[in-house]
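# Examination of the molecular architecture
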Amino acid sequence: MLKAKLIAFPQMGDYHVPIKYLLKNISDSIIIDAPNITAKTIELGNRYSPEFVCTPFKYTLGTYIECLELGANVLIQLGGGCRYGYYSELQEQILKDLGYNFILINLITAGRANFKDIIKKIKKIGKINYFKALAYLFITIKMIKYMDKIDVYIRENMGFELEKNSFKNLKEEMLVSFSNITSYLDLRKKYKQYYNKFKSLSIDKPDDCLKVAIIGELYTIMEPFANYELEAELARNRVSITRYTNADYLMFKKKRAIQKFLKLSHYVKYRMGADASDNVYRCEYLCQHHYDGIIHIKSSFCTPEIAIMPIISKICGKYKVPLLFFSFDANTSEVGMKTRLEAFYDMLKMKRNK
Amino acid sequence: MDEIKIGIPRGLYYYYDGFFLTDFFKRLGFEVIVSIETNRELINQGNYYASDEMCLSLKTYLGHVAYLKDKCDYLLLMRIDNYGLYDQMCTNFASLYDIVNNLFDLKIIDINIDEKNKQNMLKELIKIGKQFGFKKSKIIETYKISQIKSNKYIKRLKMINNNKLKSNNLKILMVSHPYNLEDRYIGYSIIQYLEEMKIEIVYSYLFDHTNGLSKQYSNNLYWKYSKESIGAIELVKDRIDGVIFISSFPCGPDSLVNELVIRKMNLPYLNLILDDINSLTGTITRLESFIDILYAKS
């Protein structure tokens, strides 16, 4: 048994705030803040990963190594519906071969969370009061939902801010205050307060602004570093951004939504693994609702998303909506991405003016 | 009335269930057309339809569909999601129907296998048979006969495979999927070369009861075919001299599973990754040196 517990988990967007809040309150362990993903993280992950595994594997492995160097000895990994569900076992083996001593807790296997298993694993971290844990879990879930709601507003309006970085700064302020809440009522109060603050930020948004939607693989969409801050880059060009994939959708809404999507869609009949069939439906929906352009992003070698690429090009071809594919790898050049994005933006503008 | 022509592409699921499906539909009185063995032309066709990051096996499969496009009335397609919660398939198998349906203008008969949600082969075949006006009892009877016949066929293959383990020659276990290994254009040249060298080739997918044995290497693994492959390593590890892993570029499950097994087992191994730029010379050099090492060891 290890003595002091130092817990670490990989970064994904801003969700480290609620997860840290949960862990801090239900266990007496120390939580290590994963360092921000940098070029060094990617290089570390790249060096020890198999050759053609998808990029999130490399990113999270790199983060784990950095956390272990900081002294972490309990690592937490989630799982998903595709290869993602199998990451943990190989990552554990790779890190053990590198000589680290730790426990890795995987919360979801084979695309399904097994509560018996999770409780057994959580017992390894230390004693937990389950009633207290449930209460804090509820607050955490609410916090994630609130954050996602505010993010939707930010994405739509960030590009039209009058004062530079006003949205970004206010969001950082909000995350700090969210991490220090004391109760559910406190959270609600703060959420309302910040929601109003965001609404009152001055923007200059024309009614016929360009609307672009981002669809694609979940990790690349949700972790800004993995997509080279695509959203911020788009916002700089005064574009209103729509994105459906967020933690709230993936955890609570997806299961029901997908049945509906399969019925409504003309292009997809079965589940295609991970978020693939959702994205096909989304693409059709966005085309029908006159979006100016669609950007599909994924990490390289993401099998489910590769499978839908010909289908969504077909849909966009039919509705004549411009579509841009990005495949992000550990060695994607940022300049190349910016050039393509600029060309795409110019094309959208020209199409509008025609 | 002319016989209805059903086309089965020679790729992916064909190498598992092809014998059964061909037999079943022939017995019901259909004309079954199986596409020709893979060749350069077919792969080029597949490349034309596929998006460029798809795996080699899927590209080949699409090439076969393109070949059958004008030659049959219906295309028989199996869309396999899972054979149970812990026996899932690679997502390419699950998305096969939607890819083909969107890329080609074809009439498709689809068999949807999703045993987690109680969709199995027999149920789907009854549904399909009813569309063509067959009685349920007739379908079940044909299903049983074809099942017995195909089981006999597979049993014979498994017996041959098992007997190879008794040979005194150098024995190598090929860990791969049959759609790579048995494909004339992709894996067959490797087999041919090894056979010329008088080496006994043991196939990982031709053993019984390998699924559970995979627990020795991996507890959480949930891909059916990967489980069977690595279970086979555990089953025969004392009776073989070396292991060759063959995967197509960029196979999702193999990229993780092979890496894990290579780290955990202590047998000599060779990891070959095949793509459609098939230069055999480089592969053969690697095979040669691998065999030399095995001879030096034994």
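Quantities reported herein were computed from a predicted structural model and do not represent experimental measurements. (Residues numbered from 1 in each chain as written. Chains lettered and ligands numbered in written order. Predicted model: local features only at pLDDT ≥ 70, side-chain atom pairs only at ≥ 80, totals over all residues. Heavy atoms only, no water.)

## Some points on the overall build of chain A
What chain A contains, in helices and strands, is 14 helices and 10 strands. Computed over its C-alpha atoms, the radius of gyration of chain A comes to 21 Å, within 12% of the 20 Å expected for a compact globule of 354 residues. Expressed along its principal axes, the backbone C-alpha trace of chain A runs to roughly 70 × 45 × 40 Å. Taken across its 354 residues, chain A has 57% of its residues classed as buried. Intrachain contacts of chain A at a sequence separation of at least 6 include 74% that bridge at least 24 residues. Taking the average location of the 54 positive side-chain charges in chain A and that of its 37 negative ones, the two points are 8 Å from each other. (Helix = DSSP H or I, 4+ residues; strand = E, 2+ residues; numbered from the N terminus. Rg over C-alpha atoms; globule rule 2.2 N^0.38 Å. Buried < 20%, exposed > 50% of the residue type's maximum accessible area, 1.4 Å probe, protein only. Contact = heavy atoms within 4.5 Å. Lys, Arg positive; Asp, Glu negative; His and termini not counted. Charge placed at Lys NZ, Arg CZ, Asp CG, Glu CD.)

## Here's the deal with the domain arrangement of chain B
Where the parts come together, the accessible area they lose is often given as the size of the interface. Residue and element names in this part refer to chain B. Structurally, chain B comprises domain 1 (5-153) and domain 2 (165-297). Distance from the C-alpha centre of domain 1 to the C-alpha centre of domain 2: 26 Å. If you look at the interface, domain 1 gives 23 residues, while domain 2 gives 23 residues. Summing both partners gives a buried area of about 2100 Å² for domain 1 against domain 2, and 60% of it is carried by carbon and sulfur. Contact with domain 2 buries surface across domain 1, with Tyr15, Tyr16 and Leu56 losing the most and accounting together for 31% of the total. The residue Lys227 makes a salt bridge to Asp87 at a minimum N-O spacing of 3.5 Å. (Domains from an automatic or database assignment. Buried area = accessible area lost by both parts, 1.4 Å probe. Salt bridge = Lys/Arg side-chain N within 4 Å of Asp/Glu carboxyl O.)

## Some points on the interface of chain A and chain B
Listed per partner, the contact involves 41 residues of chain A and 40 residues of chain B. Summing the contributions of chain A and of chain B, the shared interface buries around 3600 Å²; its carbon and sulfur component is 62%. Remark: the boundary between chain A and chain B carries three salt bridges. Residue Asp97 of chain A is joined to Arg263 of chain B by a salt bridge in which the shortest nitrogen-to-oxygen separation is 2.9 Å. Linking chain A with chain B are 16 residue pairs in polar contact (both at pLDDT 80 or more), by the criterion used here. Among the secondary structure elements, those contributing two or more residues to the side of chain A that touches chain B are helix H4 (87-97) and helix H13 (303-319) of chain A. The element best represented in the side of chain A that touches chain B is H13 of chain A, accounting for eight residues. By residue class, the composition of the side of chain A that touches chain B is 22 nonpolar, 10 polar and nine charged. (Polar contact = N/O pair within 3.5 Å; in protein donor to acceptor, adjacent residues only side chain to side chain. Nonpolar A, V, L, I, M, F, W, Y, C, P; charged D, E, K, R; others polar.)

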